[in-house]
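Single-letter residue listing:
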Amino acid sequence: MTNVLIVYASQFGNTEKMAKAMEQTLLESSEIKCQLKKAETVTETDFINADAIILGSPVKMGSIDWQLKKMIDTVMGSLWVANKLVGKVGGTFASGGGFGKGGAGAEITFTSLANVLMEMGIIYVPLPKNTQGYKFGGIQWGAYGVSANEDMQPQTLMENQLEVCRIHAQNIARVAKTINGQNLFQCELEN
Ligand SMILES: Cc1cc2nc3c(=O)[nH]c(=O)nc-3n(C[C@H](O)[C@H](O)[C@H](O)COP(=O)(O)O)c2cc1C
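Everything quoted here is computed from the prediction, not taken from an experiment.

Focus on the overall build of the protein chain
When helices and strands are counted, the protein chain shows six helices and eight strands. Counting from the amino terminus, helix and strand elements in the protein chain follow one another as β-α-β-α-β-β-α-β-α-β-α-β-β-α. Taking 2.2 N^0.38 as the reference for a compact globule, 191 residues should give roughly 16 Å; the C-alpha atoms of the protein chain span a radius of gyration of 16 Å, in line with that estimate. C-alpha atoms of the protein chain, sized along the principal axes, occupy 50 × 30 × 25 Å. In the protein chain, buried positions account for 44% of the 191 residues.

Laid out in structure tokens, this is it:
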């Protein structure tokens, strides 16, 4: 059984919709156990029990949502000190308004999230550019949902953006299943 933990923050429901699309597709497999947790409720034990960890954030003022960042600095921070997440598999997703069509902080959000996983010693799963639907909901760091139009009016996430979420979650779970808890690094894995 591969245990996947999806942790996210969401103020208006867009990032949550992406997280739920990921959860839904993973639960279709009898070989995957998936836990969906908001940043405020996730525990150290949830992380320790996971084979794969997926972090999702809205883009806020060009960076990570504060509730997710608080969780990273507290819950994940303790796990980082104790090397508890080394060798696990991880990935990221985000949702933004995309104002200005110049990135609007999506890159900074993704690179910050990716950096957190790498700080933990987690094996980071990217999103290949030939993924189906990539041009609508992809960026190399993971699934990206754009929730506003050119006039900054809210728009519903497109189905093909949610499909990218599903594919990305399946990729991450597949990598975790393949690694199957093996220690691929020259260091001791903690339990
Ligand atoms: C305070 C605040 C700051 C935001 N900053 C950005 C930003 O810098 N770049 C961006 O693309 N979108 C920004 N947005 C838009 C959100 O990222 C976008 O609406 C996202 O889909 C919200 O996710 P949620 O529905 O999960 O809360 C901001 C929204 C709020 C409320």
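Remarks on the packing of helix H1 (residues 14–27) against helix H6 (residues 159–179)
Relative orientation of the contacting elements H1 and H6 amounts to 50°, with a least axis distance of 8 Å. In terms of their interaxial angle, H1 and H6 are classed as oblique. Taken as a pair, H1 and H6 cross one another with a handedness that is right-handed. Along the contact surface, H1 presents Lys17, Met18, Ala21, Met22, Thr25 and Leu26, while H6 presents Leu162, Cys165, Arg166, Ala169, Gln170 and Ala173. The residue inventory of the contact of H1 with H6, partitioned by class, reads eight nonpolar, two polar and two charged.

Some words on H6
Between its first and last C-alpha, H6 extends 31 Å over 21 residues, near the 30 Å set by a 1.5 Å rise per residue. All of the buried residues along H6 are Gln161, Leu162, Val164, Cys165, Ile167, His168, Ala169, Ile172, Ala173 and Ala176. Following H6 by one or two positions, Asn180 has its phi on the positive side, about 50°.

Focus on the site of the ligand
As a structural note, the neighbourhood of the ligand is formed by 20 residues, with Phe12, Asn14, Thr15, Pro58 and Gly96 the closest of them. Of all elements in the fold, only H1, strand S3 (52–60) and strand S5 (89–96) reach the threshold of two or more residues within the shell around the ligand. Its residues assigned to classes, the shell around the ligand comprises six nonpolar, twelve polar and two charged.

Considering helix H4 (residues 106–119)
With 14 residues, H4 ought to run about 20 Å at 1.5 Å a step, and its terminal C-alpha atoms sit 20 Å apart, in line with that. Looking at H4, one finds that the buried residues are Ala106, Thr109, Phe110, Ser112, Leu113, Ala114, Val116 and Leu117. In the stretch just after H4, Gly121 is the one whose phi turns positive, near 85°.

Comments concerning the nonpolar core
Ranked by internal contacts, the top residues of the largest apolar core, which has 56 residues, are Val4, Ile6, Met18, Met22, Ala52, Ile54 and Cys165. The element contributing the most residues to this core is H6, with eight residues. Here Met22 is in contact with Ile6, Ile54, Cys165, Arg166 and Ala169, once residues within four sequence places are set aside.

Thoughts on the pairing of strand S2 (residues 32–38)
In this structure, strand S1 (residues 2–8) lies alongside S2, joined through seven bridges in parallel fashion. Each bridged residue has a counterpart across the sheet, and for Val4 the counterpart in S2 is Cys34. Regarding topology, H1 serves as the crossover connection from S1 to the parallel S2, and that connection is right-handed.

Considerations on the environment of Gly133
As for its placement among the helices and strands, Gly133 is situated in the loop between strand S6 (123–124) and helix H5 (134–137). The sequence separation of Gly133 and Ile167 amounts to 34 residues, and the corresponding C-alpha distance is 9.5 Å.

Digging into the environment of Val7
Relative to the elements of secondary structure, Val7 occurs in strand S1. Setting aside residues up to four positions removed in sequence, Val7 forms contacts with Lys37, Ala39, Val42 and Leu55.

Things to note about the pairing of S5
Working note: regular strand, side chains alternate between the two faces of the sheet. Of all eight residues making up S5, eight are buried, and the element is well covered by its neighbours. Going residue by residue along S5, you find Val89, Gly91, Phe93 and Ser95 tucked away on one face and Gly90, Thr92, Ala94 and Gly96 tucked away on the opposite face as well. Across seven bridges, S3 lies against S5 in parallel orientation. Across the sheet, residue Ser57 finds its bridge partner in S5, namely Ala94. Here S5 pairs with S6 via two bridges, running parallel. Note on S6: the bridge partner recorded for Gly90 is Tyr124. As judged from the five bridges shared by S5 and strand S8 (residues 142–146), these two strands associate in the parallel manner.

What counts and what doesn't
- Residues numbered from 1 in each chain as written.
- Predicted model: local features only at pLDDT ≥ 70, side-chain atom pairs only at ≥ 80, totals over all residues.
- Helix = DSSP H or I, 4+ residues; strand = E, 2+ residues; numbered from the N terminus.
- Rg over C-alpha atoms; globule rule 2.2 N^0.38 Å.
- Buried ≥ 20, exposed ≤ 12 C-beta atoms within 10 Å, placed from the backbone.
- Axes fitted to C-alpha atoms, helices over the stretch in contact; angles between N-to-C directions.
- Parallel < 35°, antiparallel > 145°, perpendicular 65-115°, else oblique.
- Left-handed = near helix turned anticlockwise from the far one by under 90°.
- Contact = placed C-beta atoms within 7 Å.
- Nonpolar A, V, L, I, M, F, W, Y, C, P; charged D, E, K, R; others polar.
- Expected span 1.5 Å × (residues − 1).
- Near = placed C-beta within 6 Å.
- Core = buried A, V, L, I, M, F, W, Y, C linked by C-beta atoms within 7 Å.
- Pairing = 2+ DSSP bridges.
- Right-handed = clockwise from strand over helix to strand, strands pointing away.

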